[in-house]
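Observations on the three-dimensional arrangement
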Amino acid sequence: MNAVITGASKGIGKAIAERLAKEGFNIAICARHEEALQAAKNSIQQQNPAVTVLAEQVDMGNKQEVLAFAEKVKSKFSSVDILVNNAGIFTPGALYEEADGLLEQLMAVNVYSAYHLTRTLLPDMMIKRNGHIFNLCSVASHKAYANGGSYSITKHALLGFSRNLREEMKPFGVRVTSISPGATLTASWDGFEAPPDRMMPPEDIATIVWTAFTLAKQTVVEDIVLRPVLGDI
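The sections below set out a description of the structure shown in this document. If you're wondering where the values come from, they're calculated on a predicted model, not measured in any experiment. (Residues numbered from 1 in each chain as written. Predicted model: local features only at pLDDT ≥ 70, side-chain atom pairs only at ≥ 80, totals over all residues. Heavy atoms only, no water.)

1. Thoughts on the overall build of the protein
Tallying secondary structure elements over the protein gives six helices and seven strands in all. The linear arrangement of helices and strands in the protein, starting from the amino end, is β-α-β-α-β-α-β-α-β-α-β-α-β. In summary, the protein has a C-alpha radius of gyration of 17 Å against a globular reference of 17 Å for 233 residues, a match within 12%. The principal-axis extents of the C-alpha atoms in the protein amount to approximately 45 × 35 × 35 Å. Taken across its 233 residues, the protein has 50% of its residues classed as buried. In the protein, once contacts between residues fewer than 6 apart in sequence are set aside, the share between residues at least 24 apart is 72%. Here the protein displays about 11,000 Å² of accessible surface, and carbon together with sulfur accounts for 52% of that area. Between the mean site of the 22 positive side-chain charges and the mean site of the 24 negative ones, the protein shows a separation of 8 Å. (Helix = DSSP H or I, 4+ residues; strand = E, 2+ residues; numbered from the N terminus. Rg over C-alpha atoms; globule rule 2.2 N^0.38 Å. Buried < 20%, exposed > 50% of the residue type's maximum accessible area, 1.4 Å probe, protein only. Contact = heavy atoms within 4.5 Å. Areas by Shrake-Rupley, 256 points an atom, 1.4 Å probe, with all protein chains shown as cover. Lys, Arg positive; Asp, Glu negative; His and termini not counted. Charge placed at Lys NZ, Arg CZ, Asp CG, Glu CD.)

2. Details of the environment of I5
For I5, the position within the fold is in strand β1 (residues 2–6). Setting aside residues no more than four positions away along its own chain, I5 makes contact with G13, I16, A17, L20, I27, A28, I29, C30 and V84.

3. Brief notes about helix α1 (residues 11–22)
Taking 1.5 Å as the rise per residue, α1 with twelve residues should run 16 Å; its terminal C-alpha atoms sit 17 Å apart, in good agreement. Every buried residue of α1 is listed here: I12, G13, A15, I16, A17, E18, L20 and A21. Just downstream of α1 lies G24, where phi reads positive at about 100°. (Expected span 1.5 Å × (residues − 1).)

4. Digging into the nonpolar core
Judged by nonpolar contacts, the single largest core of 34 residues is most densely connected at V4, F69, V73, L83, L117, L121 and I133. Every element with two or more residues in this core is listed here: β2 (26–31), α3 (63–76), α4 (102–128) and α5 (149–169). Among the elements that make up this core, the one with the highest residue count is α4 (eight residues). Apart from residues no more than four positions distant in its own chain, I133 is found in contact with L83, N85, T118, L122, M125, L165, V174, R175, V176 and T177. Listed in part, the 33 residues of the second largest apolar core include A3, L37, M200 and I205. (Core = buried A, V, L, I, M, F, W, Y, C linked by side-chain atoms within 4.5 Å.)

5. Looking at the packing of α1 against helix α2 (residues 34–47)
At their nearest, the axes of α1 and α2 sit 7 Å apart, and the two run at 30° to each other. What the angle tells us is that α1 and α2 run roughly parallel. At the point where α1 passes α2, the crossing takes the right-handed sense. Taken together, the residues of α2 that come into contact with α1 (itself represented by K14, A17, E18, A21 and K22) are A40, S43, I44 and Q47. Of the residues in the contact of α1 with α2, the class split is four nonpolar, two polar and three charged. (Axes fitted to C-alpha atoms, helices over the stretch in contact; angles between N-to-C directions. Parallel < 35°, antiparallel > 145°, perpendicular 65-115°, else oblique. Left-handed = near helix turned anticlockwise from the far one by under 90°. Nonpolar A, V, L, I, M, F, W, Y, C, P; charged D, E, K, R; others polar.)

6. Concerning the pairing of β2
Counting buried residues in β2 gives five out of six residues, a clear majority hidden from the surface. As judged from the five bridges shared by β1 and β2, these two strands associate in the parallel manner. Paired with T6 across the two strands is C30, which belongs to β2. For the crossover that starts at β1, traverses α1 and ends in the parallel β2, the hand is right-handed. In the sheet, β2 pairs with strand β3 (residues 53–57) via five bridges, with the strands oriented parallel. Within β3, the residue paired with A31 across the bridge is Q57. (Pairing = 2+ DSSP bridges. Right-handed = clockwise from strand over helix to strand, strands pointing away.)

7. Some remarks on the packing of aromatic side chains
In total, this model carries five aromatic pairs according to the counting rule given. Taking 5.6 Å as the distance between ring centres and 75° as the angle between the ring planes, the aromatic pair formed by F25 and F213 counts as edge-to-face. Of this pair, F25 sits in the loop between α1 and β2 while F213 sits in helix α6 (residues 202–213), placing them 188 residues apart in sequence. Plain terms: the ring middles of F90 and Y151 are 4.8 Å apart, the flat faces sit at 85° to each other, and that makes the pair edge-to-face. Of this pair, F90 sits in the loop between β4 (82–85) and α4 while Y151 is found in helix α5, placing the two residues 61 residues apart along the sequence. (Phe/Tyr/Trp six-rings, centres within 6.5 Å; stacked < 30°, edge-to-face > 60°.)

8. Observations regarding the sheet that holds β1
Adjacent strands of a sheet form backbone hydrogen bonds with each other and so pair up, either parallel or antiparallel. If you walk across this open sheet you meet the seven strands as β3-β2-β1-β4-β5-β6-β7, and the pairing is parallel. Single-partner strands in this sheet number two, and they are β3 and β7 (223–226). In this sheet, neighbouring strand axes are inclined to one another by 15° on average, regardless of whether the strands run parallel or antiparallel. This element, α4, spans β1, β4 and β5 (132–136) of the sheet and lies at about 170° to β4. Against the sheet, α5 makes contact with β5, β6 (175–181) and β7, and its axis sits at roughly 160° relative to β6, the strand it touches most.

Here's what the structure looks like:
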């Protein structure tokens, strides 16, 4: 079986890729930074030396690079059983004071990348009536908050994309799940002073992906929200 995870050089994406490799999946990952990408590839391969790990340097804000990555995946894998749209940029700030062009940048990475990659890989899933698409949203997809700015807008949009896709895929047997984590111990929180147990480990998100995937084929978890026990930060 084969899985594609975007933005998988670290954090949640890497944790998901490592878990799926352990479970015997061939893995395709992408990220912007070559050094971190190769380190992630090696770490994923160590989880299961028997699987294939494809690692491509991709700017997910660039449509042509996203499409090229999709074509590389199609040439390497005969099918895609799991697609995890995880790539994203977190930039806090108020709408009235954030830099001009930030919304366009975040939309390109956080929303358009998922749209273009999914549309390219989807036809084969529909024909085979197989596949599970996970869209990594956020608690910011569900609730507006001060200093959310353009990031929150894009996460609302990604949740809308996920829910619309879910409706469209019902007749084709392709499952679609949105996952909305709260504070998770990743690089996005670098510099924030808090005890590690105040945040969720990224491995928990990977466990949720695996659990949702292993349900019966006629069962789909549509929306999942996870928060630390103490709530949002």
